[in-house]
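Now for the letters of each chain:
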Amino acid sequence: MGYRKGGRWKKKGQSARPNVHREDYETAPEDNERFKAYYKDQLQLTDEDFDKFYETLKTALPSTFRITGTRSNAMQIRKFIEEKYVANLQDVVIDDVKYDAPTPVAWYPDRLCWKIACPRNVLRKSDGYTALQQFLVAENETGNISRQEEVSMIPPMMMDIKPHQKVLDMCAAPGSKTGQIIEAIHANDKLNELPKGLVVANDADYKRSHLLVHQLKRLQSPCFMATNHDGSQFPNINITENGVRAPWQFDRVLCDVPCSGDGTLRKNKKIWAHWSHGAALALHPLQVQIFLRGAQLVKMGGRIVYSTCSFNPIENEAVVAEVLRLTKGALELKDVSHELPELIRRPGLNTWKVMTKDNEYINTLDDIQSRRARFKFPKSAFPPKDDEELHLERCLRIYPQDQDTGGFFVAVFEKVKPLTAADRQAEAAARGELLSSADLAAAEAQDASLMETAQQETGANADDDDDNADETNNDTELTTSEQDGAAVPQKRVAEQPAATKKAKKDVQGVQEAPFELLAADATDVTTIKSFFGLSDAFPDNQFLLRSEENSRNRNVYFVSEAAKAVLQSDDFNRINVVNSGVRLFARQGMDIANCAFRLSSEGVPLLAPYLDDKRKLDIDLDVLKTLLIHAFPMITEFNDETKTKLEKMEIGGILCNVVVNHPNMPANTRLQIPVWRGKSSLNVLLNKHDKKSLCVRLFDIVPEATPAHIKDRALSNQNKNDKPEDAAQEESSADAEAATASDA
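Structure report, in brief. Keep in mind that what you see is a predicted model, and the values were worked out from it rather than measured.

Read across the sheet, five strands follow the order 20-21-22-24-25 without closing on themselves; strand pairing throughout is antiparallel. Whereas interior strands pair on both sides, the edge strands pair on one side only; in this sheet they are strand 20 (515-517) and strand 25 (597-599). Between one strand and the next, the sheet's axes are offset by a mean angle of 35°, whatever the strand orientation. In this sheet, strand 21 (residues 543-546) lies alongside strand 20 in antiparallel orientation, the contact comprising three bridges. Residue pairing across strands places Glu516 opposite Leu545, the latter belonging to strand 21. Strands strand 21, strand 22 (555-558), strand 24 (582-587) and strand 25 of the sheet are contacted by helix 19 (residues 523-532), whose axis makes an angle of about 55° with strand 25.

Right, here's the structure in full:
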C-alpha cells in the first residue's frame, strides 16, 4: 500500500496544492538529488548497483497481468494467449524500434503471469497489441484475468493460504491483492467444492470500501466480506463455530500498510518532484500500530505478512524491529528464501540512518536540540541494538533493476507464542480448559497496554502541529493506477499523520442496509429450490437478505459458513460490514411467474452445478446471436428445436448453456447466461455493458437498446421503498427488470 494511497498532510489553514494534470505528469522531471543522496546512504549498494537502481527508476514500468489460476479454464486461456497473441507479437516494430513479445514472469508459477514491456503509448500503434489489450479488458471483466503490478503480487503469494482458512486484509482497497487472496480461498473450485473459508477486506475509507466491493464483484465469491475500520482499531468480536464461542481470529493476515510509496516511482512520476524523507517518519507510527493490531488478530501458528511499496527502512525494517520488540518473542520473522525461488530479492537491512526534518543525520534522540521536536520524534525509527537476534536480513527487498519491476518490501512472520487474551483462551481450549475470569481480565488489560506502549514509543501521541508532517509532500488527490485498469484509485496515505492524533478513534461507521439470514424453510427459499430444482447438496441455510423492513426481499445472496458465523455473532454491532456474499437471485418487479426470482449473472458459476436440467437450455451460436442482438426476441423467432423446448418451460428464469468456438476466445469456451423466459419473448439478464461487450466480441455488432418506455416501466416496477444495498447493482437490476416489463 502506499503512494498508492497518496494524500498530503497540511497544517490547518493551508490550501491544497493544485491538481497535477496529465501534461504535467508526462513532463515531470525524473530526477531528485535529495532522493538520490538519501538512498545512496541508506540502501548500502555498490556505486555501480546504485546507478542501475537509479537509472531503472527513470524508465517506464512494464505492465503485467495474471490469469486466475483457480478457474477451470486457466490453462485454456494461457494456451490461447500464447498461440494467438504471443506468437504473433514476436517481431513488432514501431517507429523503427523492435519490441519484445509478452513474456511469462519467471517467478510466478505455471506461466500464469505475463509481462508486457511495450510502453502504453506505443501499444496503441500496434494492431496486434491493440487486439491483446481488448482481449485482456474483456477477460478482466469476467474475472478470468487480473491486471496488477508484478511486485504487488508477492505478498499474497507469501501468505500460503488454504481454502478453509480465514484471512484478513487490513488495508485492502483498491483490492488487487485481495483478489489474489480470494482466488487462493477458491483453490478447490475445480473440484466443485463449495468454499468454506473467509476473506475479510478492510479499509479505513468508506467510499474506497465500496470501490473494493465493485472491483471484487467479478470474482463472485461467497467468502468475501468488506469492512470499514481503521486498521489499527479493528474490533474484537466473538463468533460461534461448531457450537463453540471464541474470539474472532485469522489464520492469515496481510498488513499492506499506507506508505510514502517511492517504490512506485516508475509509474507515479510526480513523486520525483515532491519526494521527501519526512513522509516515512510521519507514517511510521501508523504502520507500527496497524502491524501490531494484525499481530494480535492472527491465530497461534498463523502467518502474517507486512509489506510496503517504499524503499525507506523507516517504514520497513524499523517497523518490523519495533513490532518484534513489542511482541516479545510471540512473532518469528520467517526465512522464506526457499519460496518463489525465481524471485530475485535482496536481504533486509540490519542498520540504517535516521534523518531529521532539517536533513541532519542523528544517532539518538539526544542529538535533537529542541525538546519539543525530541518528544515528538519516533523512538522506534532508530536501528535496534539487538539486530542479530531479530534476523532482519530475512526481510525481502525488491529492487527495480533486478527483474524490471517496481520497488517493494515484504516480511513474513509466524505467531509462535501467545500474545493476546484470545491466544491464551485458544491455548486453554486446546487443553480442554477455560481461562479464569481473573486471567482473562489480566490478559485483556495487557492487550490494551501493548497498543498504548506502541503509541508512546512511536510518538503517536504528539500534538497536532507535527514537524514531520510538513515534510510529506504527497499529492492530495487520489492517483489512478493504469496498471489495475481504467481509473482505479490507488492506495492512499492517511489524510492526517498518525502523530497528530491525541485520542485514537476508529472511523465513524455508515448505516448500512441490514443483513438478515434466511431460514431454510422460508417461503422464498422453498419456492426457489422447487422452481429451479436446486439440489439438496447446496446449503439452504446460508441465504442472506439485505433490505429495509418495509421492502420486499429484492435480492437473495449466499455466504460461506465462515461469513455466516460472523453475521450471527452477538457482537455483530461492533463491526462495520459494508458488503458480504454473492447475489444469486433477484426479484422481478411483477409477479407473473410461479417463481418471481430471476437468476443473477454473478451467482451463475456458483449455482450452475446444483440446478436441475428443467431450467437449463442448451443453445447454439445462432440462438446466442439472436439473444444478444435483439432487445426482446420473440420465442417464435428461434429455430424449431429451441422454440419447442422454450414452449415447454414455464415463465421464469432459465440458464442457457453454449459452447463457443470463436477466434476471439479460447477453444470450446463454455458460456452460461441467465435469461428470463417471458410470456412470449426472452431477455438476457446481463447489464448493458456486459451484453454489449460480449455481442461486439463475438459478432462485431452493437445490440439493440432497450426501448425507453420499457425501461421506464421497469424502473417503476422496482420497489420504491428499497434502500440500495449495492450501488453497483442498480444499473444491472434496472436492465434485468426490463425483461418482465416488456412481457407484461
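Picking up where we left off.
What follows concerns the layout of surface pockets. Size it by volume and the second largest pocket reaches roughly 990 Å³. In terms of lining residues, the second largest pocket is bounded by 33 residues, among which Ile239, Thr240, Glu241, Val244 and Ala246 are the most central. Of the residues in the lining of the second largest pocket, the class split is 13 nonpolar, ten polar and ten charged.

For the rest of this paragraph, the subject is the packing of aromatic side chains. With the rule as written, the count across this model stands at 32 aromatic pairs. Relative to Phe135, the ring of Phe80 has its centre 5.2 Å away and its plane inclined at 45°; by these criteria the two rings are tilted. Taken as a pair, Phe80 in helix 4 (residues 74-86) and Phe135 in helix 6 (residues 127-142) lie far apart in primary sequence, 55 residues in all. No difference in accessibility class separates Phe80 from Phe135, as the two residues are buried. In this structure an aromatic cluster arises from ring pairing among Phe35, Tyr38, Tyr39, Phe50, Phe53, Tyr54, Trp272, Trp275, Phe311 and Tyr399.

Turning next to the packing of helix 22 (residues 621-629) against helix 24 (residues 688-699). It is at 10 Å that the axes of helix 22 and helix 24 come closest, and there the two elements cross at 135°. In terms of their interaxial angle, helix 22 and helix 24 are classed as oblique. Helix 24 is crossed by helix 22, and the crossing has left-handed handedness. Together, Leu621, Leu624, Lys625, Leu627, Leu628 and Ile629 of helix 22 and Lys691, Leu694, Cys695, Leu698 and Phe699 of helix 24 make up the contact between the two elements. Grouping the amino acids of the contact of helix 22 with helix 24 by side-chain chemistry returns nine nonpolar, no polar and two charged.

So, how was this worked out
- Residues numbered from 1 in each chain as written.
- Predicted model: local features only at pLDDT ≥ 70, side-chain atom pairs only at ≥ 80, totals over all residues.
- Heavy atoms only, no water.
- Pairing = 2+ DSSP bridges.
- Helix = DSSP H or I, 4+ residues; strand = E, 2+ residues; numbered from the N terminus.
- Axes fitted to C-alpha atoms, helices over the stretch in contact; angles between N-to-C directions.
- Contact = heavy atoms within 4.5 Å.
- 1 Å grid on protein atoms, 1.4 Å probe; cavity = no way out; pocket = protein on both sides within 12 Å on 5 of 7 lines; lining within 4 Å.
- Points joined across faces, edges and corners; volume = space filled by probe spheres on them.
- Nonpolar A, V, L, I, M, F, W, Y, C, P; charged D, E, K, R; others polar.
- Phe/Tyr/Trp six-rings, centres within 6.5 Å; stacked < 30°, edge-to-face > 60°.
- Buried < 20%, exposed > 50% of the residue type's maximum accessible area, 1.4 Å probe, protein only.
- Parallel < 35°, antiparallel > 145°, perpendicular 65-115°, else oblique.
- Left-handed = near helix turned anticlockwise from the far one by under 90°.

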